[in-house]
Amino acid sequence: MAPPTGRRLAMLGLALQLGLTLGLVADRTISTRETNTVTLLGSAGIVRGAIVEARADVREVPPDSPTFLILTTRQQELGFQGYLQDTRDNNVDIPKSIQNLCNLPTAYRFHLSELEGGTSWYINGTEQYTFRVMHCEDQPLDADFHVEFRNPNIHGDLEEQLGMENAPLKLITGWFGLAYFIFAVFYLVYCTRNIRNFKKVHAIGCLVLVTSAAEAFASQRRYSYESEHGVTTLGIQYTQRGLKAITIFLTICAMLLLSAGWGFMRDVMTFREGRVFTVCVAIYGSIAGLAATCIDDSLQCRAYSLTEYITRALLELVVIVAANFNVSNLRSNIADRAWSDDAVRNYAYLQQFSGLRRAFFAYILCPTGIFILNLSMLRWEYRWVQVAMEYTLYITIIVYLGTVFRPKSAEDHVRGLHRITRGAPALRRDAAAEENAAPPRPVGSFWDL
């Protein structure tokens, strides 16, 4: 049997990547003539005292057919998944393995005949439950299944239709959306007051802030809707996923441009830079758009999500290499020339590149650390903590980069750094050394290699 941790990683990672529905209502039509198992609701956080309603509208089924509606706890579900995985790995007969699963212990079990006309009961223990239909013989089955949970809300009323691990996200996403909006307004006002030093890269930064706020508000709308109705609409899902994809796309574009020095060291890209940049973002944008339209766990959607992840990782590698190249080039220019206004300006650029590297390393490494922390230390009830930490990380990075690369003239950089370096004898050069200094090397671009 595969290790539980590996299966937990795979299941949680897929759910987060695809953005599957989070509500506690499921409607499913099952039509089969073979032994089969179908998941109606997976890993739903149910609080003690919650009410469950289930109904089956049967069109065709033999009398006394061994068909059951079962609830399994987290540990039981891991056992189910491990058994099915071993069956696939060892090429064991699938119907036979499912018949064996029918005999495994479950938290709740109802025969199909008990569901005709509907039934309801209260949950007596807080747990993450998975709802399955087990059809345990090769007989015809054609029926519509409806399952609905209602958790107690903060007032004790049985009206909450989000799992307890997701219920706090209604407030969290709304607060972070407001924070993004406030910072976007502040940044726009600041850029308007310094319009003479406003660059195109600052416009991309403003777009990142606006789309981040819109994505957070769209997420809040989705959680609120699912809290009331138990399911979401395609329009809400596509809007939320589309805004998230656009935000990531604009963030990658901004970091690619900043790593090449565009927008603060120089205002124009070379022909080669423009061509490489256009091709890269066009490919990634197309793949990200396809991945954003997938809202299920089909093989095609998994392929789109994996391709988007790999392409984004390659672009992030380009950002790291380009930023390191410019940092090395600037350090060489500073070391090879006398201390002057040009050297101070290059030193200011070096500080900005160093800030970009720190922010980018946090951008690519901290989410993995948060994910590992969630798996190793936090119980499933606190999944919302992971989402809150990720929102906090991203807004901190955006605020930091917005401060480092705020609209600022070169003269402001020189005056600021002269104040910093005043009285530092190691950074002063006498006139003779300045006259004998070699001509400065031009600050090149990683893209021109």
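For the structure itself, consult the block above.
Reading the values: rules and limits
- Chains are numbered independently. Their residues run from 1 in the order of the written sequence.
- Totals for whole chains, interfaces and linings use all residues, but because this is a predicted model, local features are given only for residues with pLDDT of at least 70 and pairs of side-chain atoms are given and counted only at 80 or more.
- Neither water nor hydrogens contribute to the side-chain values; these are computed over all heavy atoms in the structure.
- Only DSSP runs of H or I reaching four residues or more are called helices, and only runs of E reaching two or more are called strands; each is numbered from the N terminus.
- Only protein chains enter the calculation, and the probe is 1.4 Å; a residue is then buried if its accessible area is under 20% of its type maximum, exposed if over 50%, and partly exposed in between.
- Pairs of residues are marked as contacts when any of their non-hydrogen atoms sit within 4.5 Å.
- The Shrake-Rupley method, run with a 1.4 Å probe, gives the accessible areas here. Residue values count only the displayed protein chains as cover.
- Cysteine sulfur atoms that pair up within 2.5 Å are treated as a disulfide.
- Two strands qualify as a pair provided that DSSP identifies no fewer than 2 bridges between them.
- For helices, the axis comes from a line fit to the C-alpha atoms of the stretch in contact; other axes are also lines fit to C-alpha atoms, and the angle between any two N-to-C directions lies between 0 and 180 degrees.
- Any angle that is under 35 degrees is reported as roughly parallel, and any over 145 degrees as roughly antiparallel; angles of 65 to 115 degrees are reported as roughly perpendicular and all others as oblique.
- Crossings are classed by handedness, with left-handed meaning an anticlockwise turn of the near helix from the far one by less than a right angle and right-handed meaning a clockwise turn.
- All amino acids are sorted into three groups, where Ala, Val, Leu, Ile, Met, Phe, Trp, Tyr, Cys and Pro are nonpolar, Asp, Glu, Lys and Arg are charged, and the leftover types, Gly among them, are polar.
- To estimate the expected span of a helix, count its residues, drop one, and scale the result by 1.5 Å.
- Here, patches come from residues exposed beyond 30% relative accessible area and free of salt bridges, joined within 9 Å for like charges and within 5 Å for nonpolar side chains (Val, Leu, Ile, Met, Phe, Trp, Tyr).
- In the sections that follow, a salt bridge refers to a side-chain nitrogen of Lys or Arg positioned within 4 Å of a carboxyl oxygen of Asp or Glu.
- In this analysis, rings of Phe, Tyr and Trp, with Trp reduced to its six-membered ring, are considered paired at centre separations within 6.5 Å, and the interplanar angle assigns stacked below 30 degrees, edge-to-face beyond 60, and tilted for intermediate values.
- Any Lys NZ or Arg CZ found within 6 Å of a ring centre and within 35 degrees of that ring's normal is scored as a charge over the ring.

Q: Sorry, what's going on with the overall build of the protein here?
A: Summing up its helical and strand segments, the protein has 13 helices and nine strands in all. For the protein, the proportion of its 449 residues judged to be buried stands at 46%. Contacts in the protein between residues at least 24 apart in sequence constitute 82% of all its contacts with a sequence separation of at least 6. In the structure as shown, the protein presents an accessible area of about 22500 Å², 59% of it carried by carbon and sulfur atoms.

Q: Would you take a moment to explain the state of the cysteines for this structure?
A: Simply put, the disulfide is a covalent bond whose two ends are the sulfur atoms of two cysteines. Scanning the entire structure with this criterion turns up one disulfide. Bridging C102 to C136, the disulfide has an S-S length of 1.8 Å. Handedness here is read from the sign of the S-S torsion; for C102 and C136, about -95 degrees, the answer is left-handed. One end of the pair, C102, is in the loop between α3 (94–101) and β5 (108–111); the other, C136, is in the loop between β7 (127–135) and β8 (141–152), with 34 residues separating them in the sequence. Across this residue pair, the class does not change: C102 and C136 are buried. Left unpaired, C206 is separated from the closest cysteine sulfur, that of C191, by 4.5 Å.

Q: Teacher, can you tell me more about the sheet that holds β5 here?
A: Backbone hydrogen bonds are what pair the strands of a sheet, in a parallel or an antiparallel way. Spatial strand order, β2-β7-β4-β5: four strands in an open sheet with antiparallel pairing. Pairing within the sheet leaves two strands with one partner each, and these edge strands are β2 (36–46) and β5. Along the sheet, successive strands turn relative to each other by an average axial angle of 15 degrees, direction set aside. The sheet contact formed by strand β4 (residues 67–72) and β7 spans six bridges and is antiparallel. Within β7, the position partnered with I70 by the bridge is R132. Together, β4 and β7 form the strand contacts of helix α2 (residues 74–89), whose direction differs from that of β7 by roughly 45 degrees.

Q: Just to check I follow, could you spell out the packing of helix α7 (residues 234–259) against helix α9 (residues 299–335) for this structure?
A: The description of two packed helices rests on the angle between their axes and on the distance between the axes. The geometry of α7 relative to α9 is characterised by a closest axis approach of 8 Å and an angle of 25 degrees between their N-to-C directions. For the element pair α7 / α9, the angle class is roughly parallel. Note on packing geometry: the crossing formed by α7 with α9 is left-handed. Where α7 abuts α9, its residues I248, I252, M255, L256 and S259 lie against R312, L315, E316, V318, V319, A322, A323 and N326. Each residue belonging to the contact of α7 with α9 can be placed in one class, and the counts come to nine nonpolar, two polar and two charged.

Q: Just to check I follow, could you spell out α7 for this structure?
A: Every α-helix winds through 3.6 residues per turn, so residues three or four apart in the chain are directed the same way. The terminal C-alpha atoms of α7, which comprises 26 residues, lie 37 Å apart, in line with the 38 Å expected from a rise of 1.5 Å per residue. Residue G261 follows α7 closely and has a positive phi angle near 85 degrees.

Q: Whenever I open this one, helix α8 (residues 271–292) confuses me. Can you help?
A: A rise of 1.5 Å per residue sets the reference length of α8, with its 22 residues, at 32 Å; its end C-alpha atoms lie 31 Å apart and thus fit the reference within 8%. Considered for burial, the residues of α8 that qualify are E273, G274, F277, V281, Y284, I287, A288, A291 and A292. The inward-facing, buried residues of α8 contact α7 and α9.

Q: Please clarify how the pairing of β8 should be interpreted in this entry.
A: Consecutive residues of a regular strand have side chains that alternate between opposite faces of the sheet. Counting buried positions over the 12 residues of β8 gives nine, a clear majority of the element. Across eight bridges, strand β1 (residues 25–32) lies against β8 in antiparallel orientation. The partner of T29 across the bridge, within β8, is D144. Where strand β3 (residues 51–60) lies against β8, nine bridges are found, and the strand directions are antiparallel. Bridge pairing in β8 links R55 to H146. Two elements, β8 and strand β9 (residues 158–160), share two bridges in a ladder whose sense is antiparallel. Residue P152 lies in a different strand from β9, and its bridge partner there is L158.

Q: I tried to follow a nonpolar patch on the surface on my own but got confused; where do I start?
A: Together, L171, W175, L178, F181, I182, V185, V189 and F217 make up an exposed nonpolar region whose accessible area comes to about 800 Å². Here V189 is to be found in helix α5 (residues 169–193). For V189, a relative accessible area of 45% puts it in the partly exposed group.

Q: Quick question: what am I supposed to make of the packing of aromatic side chains here?
A: Any two aromatic rings considered together are summarised by their centre-to-centre distance and by the angle between their planes. Inspection of every chain in the model, using the stated rule, returns 10 aromatic pairs. Ring centres 5.3 Å apart and planes at 20 degrees place the aromatic pair F176 and Y391 in the stacked group. With F176 in helix α5 and Y391 in helix α11 (residues 383–404), this pair connects stretches of sequence that are 215 residues apart. When its relative accessible area of 11% is taken as the criterion, Y391 is described as buried. The structure contains a cluster of three or more aromatic residues connected by ring pairs, namely Y108, F110, W121, Y129, F131 and F149. Its guanidinium or amino end placed over the ring of F68, R109 lies 5.4 Å from that ring's centre, counting from NZ or CZ.

By themselves these figures say nothing about function.
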